[in-house]
Amino acid sequence: MAENLDFIREIVKRDTASGRYGGRVVTRFPPEPNGFLHIGHAKSICLNFGIAREFDGACHLRFDDTNPETEDMAFVESIMRDVRWLGFDWNGKLFFASDYYEQFFGFAVRLIEAGKAYVDSLTESGIREYRGTVTEPGRESPHRNRTVSENLDLFTRMRAGEFPDGAHVLRARIDMAAANMKLRDPLLYRIRHTSHYRTGDAWCIYPMYDFAHPLSDAIEGVTHSICTLEFENNRAIYDWLVETLFDAPRPRQYEFARLNLDYAVMSKRKLLQLVEDDFVSGWDDPRMPTIAGLRRRGYTPEGIRDFAARIGVDKANSRVSMELLEDAIRDDLNGRCPRVLAVLRPLKVTITNLPVDGIDWLDAPLWPRDSGRDGSRKLALAREIFIERTDFSEQPPEGWLRLSPGGEVRLANSGYIRCDEVVKDPLSGEVVELRCALDSGEDNPGGAGKRKKRAAIQWLSSAHAVRAEVRLYDRLCAVANPEDVEEGKTFKDHLNPDSVTVIPGALVEPGLAGVQGGDRFQFVRNGYFVADEVDSKPGAPVFNRIIELRDGYKANKAAPSPAPPAVRKPASVRTIPDERTRSRLAGPAQAARHDRFIATPGLTAEQADVLTSDPAVADFFEAALAIHPDARSIANWVVNDLLRELKGRALSRLPFGPPELAELAAMTDRQAITNPAARTIFAAMMAGGGKPAEIAARLGLDRVMSDSEIEAAVDTALAPLGEKVAEYRAGKTNLLGMFTGYAMRAVAGKADPAAVQRILGEKLGQA
RNA sequence: UGGGAGGUCGUUCAACGGUAGGACAGAGGCCUUUGAAGCCUCGAAUGAAGGUUCGAUCCCUUCCCUCCCAACCA
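Residues numbered from 1 in each chain as written. Chains lettered and ligands numbered in written order. Predicted model: local features only at pLDDT ≥ 70, side-chain atom pairs only at ≥ 80, totals over all residues. Heavy atoms only, no water.

Draft legend 1. Quick peek at the nonpolar core. Core analysis: the biggest nonpolar cluster contains 41 residues, and Val83, Leu261 and Phe307 have the highest contact counts within it. Those elements that place two or more of their residues in this core are helix 2 (39-54), strand 2 (58-63), helix 3 (73-85), helix 10 (291-297), helix 11 (301-311), helix 12 (322-336), strand 24 (527-531) and strand 25 (542-547). With residues up to four places along the chain from it excluded, the contact list for Leu261 reads Ile39, Met266, Phe307, Arg319, Val320, Ser321, Met322, Leu325 and Ala480. Formed by 37 residues, the second largest nonpolar core is a distinct cluster that contains Ile112, Ala178, Tyr206 and Leu245. (Core = buried A, V, L, I, M, F, W, Y, C linked by side-chain atoms within 4.5 Å. Buried < 20%, exposed > 50% of the residue type's maximum accessible area, 1.4 Å probe, protein only. Helix = DSSP H or I, 4+ residues; strand = E, 2+ residues; numbered from the N terminus. Contact = heavy atoms within 4.5 Å.)

Laid out in structure tokens, this is it:
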């Protein structure tokens, strides 16, 4: 397994090690069957199924089908196909939220019976009004305090179909004033007199995502429920439900950043628009970022999985550049595609020194030399051939390695041709034929020098080449971030009008006439191509360009990309305790205390702010200060160390009090213990309480090393680092930090850092 | 403006208090019967300010910036 795990795998690993779920790891991929999967889902699939695979667990495929209005069996099937194609298997763990409807109903009834859910009869807009806003608390619905029996009666009748859509909803009774809007009595059930693609008309009430999802996870024994960032606020509901309805160990939700790709749109809504407006040929159009589209485009599951691995998993919103995907795909294709010749835009070349009827059969390897793979096919070389129109230039730019009037170029797998004559259409002036002479192609060994460096171009005998349709694809969008559109425009205004180029008259080797849909090749110098699954027919091949080859020439000649817009760095702001700070203080007593702290020698204004932000913290500080009257020292402990630990718990539940902290500070200040030792002791106090002096004695931290002891320790630490020490002495002075780290570990907190550094400096100074 | 989550080379991910590293992209070079592939070299970052520490990308504080949340969608 990889050295550096992403934060989710880190959690899974920790849970596995601690036996939290008895060593079980169960993830799930839970799509709603209302559309096609896209590359963003692939990230999630690779994550969920990948974790299951790596930790010897299971990943369930569960269809989150709780909305009868949008879902369909066809989507279920396409999703299953796509997951399998990507190379994952749910091993029979196939589930549908709709199979849990009866259980869901039972859980809802339990919630009602416990007084934790109620039937609300407000209208949709009424509910919205009562919910409040992000800055104002909501108000309780007039129906919030219905009796249990009334709720039960209403809910049962909702199910029985006695009410029209929208008449009632079931809501969790949580907190209408919660700062987290999601917690303001979230809806659990709504009435929908609509047939469901699986349950038909059996139900007319349907559970909401926030209800169905956590329950499904818990029912299936999911351990790690991994979803995208936009569900962070929903986690509170998730936890509330699994905690009130299920026993430990409960599933936990973790969120990661969804994938955004440059030059692509990823939302189902937008993708649907592209299909409906006929901008693309369908969900599997080779330009679509759907799995079906990528498959038809010729992308490989291996390449996509490699891409998913390369982008990693994190919580930072990001937009991955297309190049990363393309590189992963190209990398995979490079190892698996035989090389063949194709001429996309043919230009006739007559080789004047070849006989009219003569044919040379050349042996041409299918794989590049460095691949180590064997295999070849015969290539016919005749008097009339075609080369790529773009491989000839009448007025070649500097550095041109291809053909030009009077110049020569190598024919792939053959010799050199020299362009003796350019034939043009008298009317249009277009070049229609080149008349060239072929020579053996050998350099003059030891002779008048080697030939000039030349390209080796693709070509095809006109009598043997087979016509093929070739489709070249470019990015769908003209801008990197189509989600970010200016006022009055939509993403459709930024679509690339030239995202596909069809070349009906391309030429390929005769061996490609009978390709099967899905066969992939590298057309030398033109890129990787796949025979189209749908349109390619025996005798009439159709190829999609999967991806171009990297092109050093084009890259060189490309216009320099415009400098990214300068990001304005925010001006730095100095913190000054001001009126705003004071207004945050809870009442005049705190304000008075704030004044007093500011006036206390050794305390900074900033510390005074922090100390008074919570009266309990201020109390703690003052109590400790009374025992060890060094304001600076106590404040540092409280502000830096105590506050950090307090993030997870209340001050009242601290396993020690102000006297212990004061004692710790005092011991440190009178140098009875070293600073590092004090920190170790603090950690021990946090873990289990106790007196600092006793802990110090127990851990052997109650004495400070002598210089000779430190020297011995430093020697030991430095011993295996000879190479690094040499580098240091050679001038790599930033290694000092590393040496200090090793040395500090060696003295285990029993030495004064200053002394360690002094001795270290002496040792390192010695040659 | 309430709550939540984020901010490391151009991009993306590492570094879990101890040498800021990889990949993609970029520049230069080697090699080459693919201007491919491969190989080598180089440039390039911790949002800001304070604080704690021998030492801070990492811990504390404040500020700035970005994203998410007020569907009977998921």
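Draft legend 2. The arrangement of the sheet that holds strand 4 (residues 117-120) in detail. Read across the open sheet, the four strands follow the order 4-5-6-7; overall the sheet is antiparallel. Edge positions in the sheet fall to strand 4 and strand 7 (205-207), since each of these pairs with one other strand and no more. Within this sheet the neighbouring strands show an average axis-to-axis angle of 20°, counted without direction. When strand 4 meets strand 5 (residues 169-172), the two strands line up antiparallel, connected through four bridges. Within strand 5, the position partnered with Asp120 by the bridge is Val169. (Pairing = 2+ DSSP bridges. Axes fitted to C-alpha atoms, helices over the stretch in contact; angles between N-to-C directions.)

Draft legend 3. Geometry of the packing of helix 2 against helix 11. Contact geometry of helix 2 with helix 11 gives a least axis separation of 9 Å together with a crossing angle of 75°. When the axes of helix 2 and helix 11 are compared, the pair comes out roughly perpendicular. Contacts from Ile39, Ala42, Lys43 and Cys46 in helix 2 reach Ile304, Arg305, Phe307, Ala308 and Ile311 in helix 11. For the contact of helix 2 with helix 11, the per-class residue count stands at seven nonpolar, no polar and two charged. (Parallel < 35°, antiparallel > 145°, perpendicular 65-115°, else oblique. Nonpolar A, V, L, I, M, F, W, Y, C, P; charged D, E, K, R; others polar.)

Draft legend 4. Focus on the pattern of salt bridges. On inspection of all chains with the given rule, the structure shows 55 salt bridges. Between Arg336 and Asp332 there is a salt bridge, and its shortest N-O distance comes to 2.7 Å. Placement of the pair is Arg336 and Asp332 together in helix 12, with a separation of four residues, close to one helical turn. Classification of Arg336 by relative accessible area gives partly exposed; the value is 33%. Classification of Asp332 by relative accessible area gives buried; the value is 19%. (Salt bridge = Lys/Arg side-chain N within 4 Å of Asp/Glu carboxyl O.)

Draft legend 5. Main features of the packing of aromatic side chains. All told, the structure shown has 23 aromatic pairs when counted by the stated rule. Consider the rings of Phe36 and Phe75, whose centres lie 5.8 Å apart with planes at 90°: the pair is edge-to-face. Of this pair, Phe36 sits in the loop between strand 1 (26-29) and helix 2 while Phe75 is found in helix 3, placing the two residues 39 residues apart along the sequence. An identical accessibility class is assigned to Phe36 and Phe75; each is buried. For the ring pair Phe105 and Trp203, a centre distance of 6.1 Å and an interplane angle of 55° mean the geometry is tilted. Residue Phe105 is located in helix 4 (residues 101-113), and its partner Trp203 is located in the loop between strand 6 (187-191) and strand 7; the two are separated by 98 residues in the primary sequence. The buried category is assigned to Phe105, whose relative accessible area is 10%. One aromatic cluster is present, formed by Tyr100, Tyr101, Phe104, Phe105, Phe155, Tyr189, Trp203, Tyr206 and Phe211 through successive ring pairs. (Phe/Tyr/Trp six-rings, centres within 6.5 Å; stacked < 30°, edge-to-face > 60°.)

Draft legend 6. How the structure looks around helix 2. Over its 16 residues, helix 2 extends 21 Å from the first C-alpha to the last, a length consistent with the 22 Å expected when each residue adds 1.5 Å. The buried count for helix 2 comes to 14 of 16 residues, which makes it a mostly enclosed element. Positive phi shows up at Asp56, right after helix 2, with a value of about 60°. (Expected span 1.5 Å × (residues − 1).)

Draft legend 7. Main features of the side chain of Arg144. When you line up the elements, Arg144 lands in the loop between helix 5 (124-131) and helix 6 (148-160). Once residues lying within four places of it in the same chain are set aside, the contact partners of Arg144 are Tyr118, Arg173, Ile174, Asp175, Met176 and Asp185.

Draft legend 8. Summary view of the sheet that holds strand 21 (residues 466-473). Strands sit in the order 10-23-24-25-21-22-11 across an open sheet of seven strands; the sheet is mixed. Edge positions in the sheet fall to strand 10 (339-340) and strand 11 (342-343), since each has one partner strand and no second. Helix 12 contacts strand 10, strand 23 (520-523), strand 24 and strand 25 of the sheet and is inclined by roughly 120° relative to strand 25.

Draft legend 9. Up close: the packing of helix 16 (residues 605-612) against helix 18 (residues 631-646). Closest axis-to-axis distance for the helix 16/helix 18 pair is 10 Å, and the angle between their directions is 55°. If you check the angle between helix 16 and helix 18, you find them oblique. The crossing of helix 16 and helix 18 is left-handed. Between helix 16, through Gln607, Val610 and Leu611, and helix 18, the contact on the second element is made entirely by Ala635, Asn636, Val638, Val639 and Leu643. Taken together, the residues of the contact of helix 16 with helix 18 sort by class into six nonpolar, two polar and no charged. (Left-handed = near helix turned anticlockwise from the far one by under 90°.)

Draft legend 10. Examining helix 1 (residues 7-18) more closely. Taking 1.5 Å of rise per residue, twelve residues should cover 16 Å, and helix 1 covers 16 Å from first to last C-alpha, within 8% of that figure. Listed in full, the buried residues belonging to helix 1 are Ile8, Arg9, Ile11, Val12 and Asp15. One side of helix 1 holds all its buried residues, which, seen down the axis, span an arc of 155°. More than 90 degrees from the buried face of helix 1, the exposed residues found are Ala17 and Ser18. Where helix 1 begins, the capping side chain belongs to Asp6, and its oxygen is found 3.0 Å from the backbone nitrogen of Ile8. Just downstream of helix 1 lies Gly19, where phi reads positive at about 70°. (Arc of directions from axis to C-beta. Polar contact = N/O pair within 3.5 Å; in protein donor to acceptor, adjacent residues only side chain to side chain.)

Draft legend 11. Highlighting the side chain of Ser44. On the secondary structure map, Ser44 appears in helix 2. Excluding its chain neighbours within four sequence positions, the residues that come into contact with Ser44 are Phe29 and Phe256.

Draft legend 12. Focus on the domain arrangement of chain A. Structurally, chain A comprises domain 1 (111-207), domain 2 (341-467), domain 3 (587-699) and domain 4 (707-765). Here the C-alpha centroids of domain 1 and domain 3 sit 48 Å apart. (Domains from an automatic or database assignment.)

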